[in-house]
Protein chains: 2
Amino acid sequence: MQFTYECLPCVFKQIQQLVSKATDDSRTREKLLRAMLASMADMDWDVPPPAFSRDQQLIVNQVVGDADLFLVEKDLSTELAKEVWEEIAEQATREHDPFEAALRLAIGGNIIDYGIDGSFQLSQAKSRLFEVLALPLEPSRITALQDAINKAEKIFYVLDNCGEAVFDRLLIEQFRDKVTLGVRGMPVLNDVTRRELASSGLAGYPVVDTGDCTPGVSSRYADPAFFQAMRQADLVIAKGQGNFETMDDYDRPIFFLFRAKCSVVAKHLGGVELGSLQVIGKNV
Amino acid sequence: MQFTYECLPCVFKQIQQLVSKATDDSRTREKLLRAMLASMADMDWDVPPPAFSRDQQLIVNQVVGDADLFLVEKDLSTELAKEVWEEIAEQATREHDPFEAALRLAIGGNIIDYGIDGSFQLSQAKSRLFEVLALPLEPSRITALQDAINKAEKIFYVLDNCGEAVFDRLLIEQFRDKVTLGVRGMPVLNDVTRRELASSGLAGYPVVDTGDCTPGVSSRYADPAFFQAMRQADLVIAKGQGNFETMDDYDRPIFFLFRAKCSVVAKHLGGVELGSLQVIGKNV
């Protein structure tokens, strides 16, 4: 999925957010900003929107040193997710069959996202997580995903955000012997790297990382080993918008699980409702 | 007053607004955007914020030809201001003495501004105009302005936005024989140029324009003739934030009349309330 003019407000918001977080020093802020603007003016725009986040993160790394700007938010998200976990999982399994319950929670966790919504507040997360239990989700899509998971021998599961990953666990545990996890190779936004796996309850699984800081899987910059791991699986499950935006033309069986959080993605999907739950199977 | 990091959201909003208005063609939008980003990355940032608007407007002019992007809004603002004029002027003069009434209306008109608030809606303007009659305004400042006007023999009155100019009329008429008007030399945002004087009820006054498209008075780019006219007056009255931001270090008697519409200006004034009425006399 390609960057469009409508992505600009988001890109600008991220620039401001990253610069603010990176430093309080006005000279360094100016340096960062000038570098980000110059790079944006020059860069290839035939890219998915997460390429802009990669570019900005690399500039932050160059100017202020390798920076995990969302470290605090990442750990708080994980803590919060763990706190509400029991309560929400209990309600989910009471209202839905175990697979649908796990699926709804995994998608629901996707609301924890600082990349798209700079003003995202953890305090709102709890109610946003609960609302996912009542949102429409087509039964045929649930069945299609469940069938694909049952048939698959090897599943590559590409994680997205911290906090969200806590909720992925319930789903992943349903095919735990088949799964390899995919994570970002370097810190970017609040995306999961190897560092946060254990605290998210996802220790012990085989893991491959992209070796890159695109908040998605860049066809250009992700490690060949990452693609090899993906192709060795007979099913890929990719969480979140960033993975969808970067992998929507992947040519092997893949399911994208996410909430349609921005109007560009909602439009790209033919006008789905903002915030709606998406279970999109391709080549399946 | 100098550009600060906190001005960025506004600058980014303006970029998007100008590009959207300038063209629907995606290639031209990309060209405009790249040029604006590159210019912003390179430009001197020791400037007042309106310098960024000038820069962007010049890029629009270069890429799509001299463009009066807010022509429709400018004329609609003028029409709206005329429509509510009788009603609001009647209420103002009933509630306040004639000078204070005129002053409140002149400042109140300053709420009609597309430059700062991209989402400004003319439909809200009427109630925003009426609210100005009830907002706090220190009597000593009113008296100081009135005294300065009475003492002055020549007054240079720098206009700001369309629509707003309709409300300036009542104030200007109180010293009509002393006044020369200052306007922008080229279209920029919804600022008044010579074109809109007659429709605003301000025909017949001597006029000097800046010869420039800064939405303020650029010490660098405004015509020498404009500064000469200002210095020949013994009192300058400057309307709106753009004039304040660009002329706050002017070294002759000057009154700035505006609403503090953004947090950067509010902070610069020592933490005044957002939206408050400002009558700021310098060197008087």
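Above this text you will find the structure in question.
So, here is what we can say about the structure in this document. All figures in this text were calculated on a predicted structure; none of them were measured in a lab.

For the rest of this paragraph, the subject is the overall build of chain A. What chain A contains, in helices and strands, is 11 helices and six strands. Scaling as 2.2 N^0.38, a compact globule of 284 residues should have a C-alpha radius of gyration of about 19 Å, and chain A matches this with 18 Å. Its C-alpha atoms give chain A principal-axis dimensions of roughly 55 × 40 × 40 Å. Relative to its 284 residues, chain A shows a buried fraction of 58%. Considering only contacts within chain A whose residues lie at least 6 apart along the sequence, 70% involve residues at least 24 apart. Treating the 30 positive side-chain charges of chain A as one cloud and the 42 negative ones as another, the clouds have centres 1 Å apart.

Residue and element names in this part refer to chain A. Contact pair helix 2 (residues 26–42) / helix 3 (residues 50–64): the axes reach a minimum separation of 10 Å and the direction vectors enclose 145°. Handedness of the helix 2/helix 3 crossing: right-handed. Mapping the contact onto sequence places Thr28, Lys31, Leu32, Ala35, Met36, Ser39 and Met40 in helix 2 and Phe52, Asp55, Gln56, Ile59, Val60, Val63 and Val64 in helix 3. Partitioned by chemical class, the residues of the contact of helix 2 with helix 3 number nine nonpolar, three polar and two charged.

Attention shifts here to the pattern of salt bridges. Residues and elements named next belong to chain A. Applying the stated rule across the entire model yields 42 salt bridges over all chains. Ionic pairing is found between Arg195 and Asp75, a salt bridge with its closest N-O pair at 2.8 Å. With Arg195 in the loop between strand 2 (179–183) and strand 3 (207–209) and Asp75 in helix 4 (residues 71–95), this residue pair connects regions lying 120 residues apart in the sequence. One salt-bridge network, held together by shared partners, links Asp68, Lys74, Asp75, Arg195 and Glu196.

What follows deals with the packing of helix 5 (residues 98–108) of chain B against helix 8 (residues 164–172) of chain B. Residue and element names in this part refer to chain B. It is at 8 Å that the axes of helix 5 and helix 8 come closest, and there the two elements cross at 165°. Viewed along their axes, helix 5 and helix 8 adopt a mutual orientation that is roughly antiparallel. The handedness of the crossing between helix 5 and helix 8 is left-handed. Contact residues: Phe99, Ala102, Leu103, Leu105 and Ala106 in helix 5; Glu164, Phe167, Asp168, Leu170 and Leu171 in helix 8. By residue class, the composition of the contact of helix 5 with helix 8 is eight nonpolar, no polar and two charged.

Moving on, we get to the relation of the copies chain B and chain A. Of the transformation superimposing chain B on chain A, the axial component is 0.0 Å and the angular component is 180°, with the fit at an RMSD of 0.0 Å. Taken together, these values place the two copies in the relation of a two-fold axis. Interface overlap between copies: 100% of the residues of chain B at the interface are likewise at the interface in chain A, consistent with a symmetric, same-surface contact.

Quick look at the sheet that holds strand 4 (residues 235–239) of chain A now. All names here are of chain A. Read across the open sheet, the six strands follow the order 3-2-1-4-5-6; overall the sheet is mixed. The two strands at the open ends of the sheet, each matched to only one other strand, are strand 3 and strand 6 (277–282). Strand after strand, the sheet turns through a mean of 20° between neighbouring axes, direction not considered. Pairing geometry for strand 5 (residues 254–259) and strand 6, over six bridges, is antiparallel. Pairing of Arg259 across the sheet is with Leu277, part of strand 6. In the packing of helix 5 (residues 98–108) onto the sheet, contacts are made with strand 1 (155–158), strand 4, strand 5 and strand 6, and the angle to strand 6 comes to roughly 105°.

Bringing the sheet that holds strand 1 (residues 155–158) of chain B into the picture now. All names here are of chain B. Pairing in this open sheet of six strands is mixed, and the strands run 3-2-1-4-5-6 from one edge to the other. Each edge of the sheet is formed by a strand with only one pairing partner; in this case those strands are strand 3 (207–209) and strand 6 (277–282). Pairwise comparison of adjacent strand axes, ignoring direction, gives a mean angle of 20° for this sheet.

Residue and element names in this part refer to chain B. With respect to burial, strand 4 (residues 235–239) is a largely interior element, five of its five residues being buried. Going residue by residue along strand 4, you find Leu235, Ile237 and Lys239 tucked away on one face and Val236 and Ala238 tucked away on the opposite face as well. The sheet contact formed by strand 1 and strand 4 spans four bridges and is parallel. Note on strand 4: the bridge partner recorded for Ile155 is Leu235. Across four bridges, strand 4 lies against strand 5 (residues 254–259) in parallel orientation. If you follow Ile237 over to strand 5, its bridge partner there is Phe255. Handedness of the crossover joining strand 4 and strand 5 through helix 10 (residues 240–247) is recorded here as right-handed.

Criteria and cut-off values
Residues numbered from 1 in each chain as written. Chains lettered and ligands numbered in written order. Predicted model: local features only at pLDDT ≥ 70, side-chain atom pairs only at ≥ 80, totals over all residues. Heavy atoms only, no water. Helix = DSSP H or I, 4+ residues; strand = E, 2+ residues; numbered from the N terminus. Rg over C-alpha atoms; globule rule 2.2 N^0.38 Å. Buried < 20%, exposed > 50% of the residue type's maximum accessible area, 1.4 Å probe, protein only. Contact = heavy atoms within 4.5 Å. Lys, Arg positive; Asp, Glu negative; His and termini not counted. Charge placed at Lys NZ, Arg CZ, Asp CG, Glu CD. Axes fitted to C-alpha atoms, helices over the stretch in contact; angles between N-to-C directions. Left-handed = near helix turned anticlockwise from the far one by under 90°. Nonpolar A, V, L, I, M, F, W, Y, C, P; charged D, E, K, R; others polar. Salt bridge = Lys/Arg side-chain N within 4 Å of Asp/Glu carboxyl O. Parallel < 35°, antiparallel > 145°, perpendicular 65-115°, else oblique. Least-squares fit on C-alpha atoms with pLDDT ≥ 70 in both. Pairing = 2+ DSSP bridges. Right-handed = clockwise from strand over helix to strand, strands pointing away.

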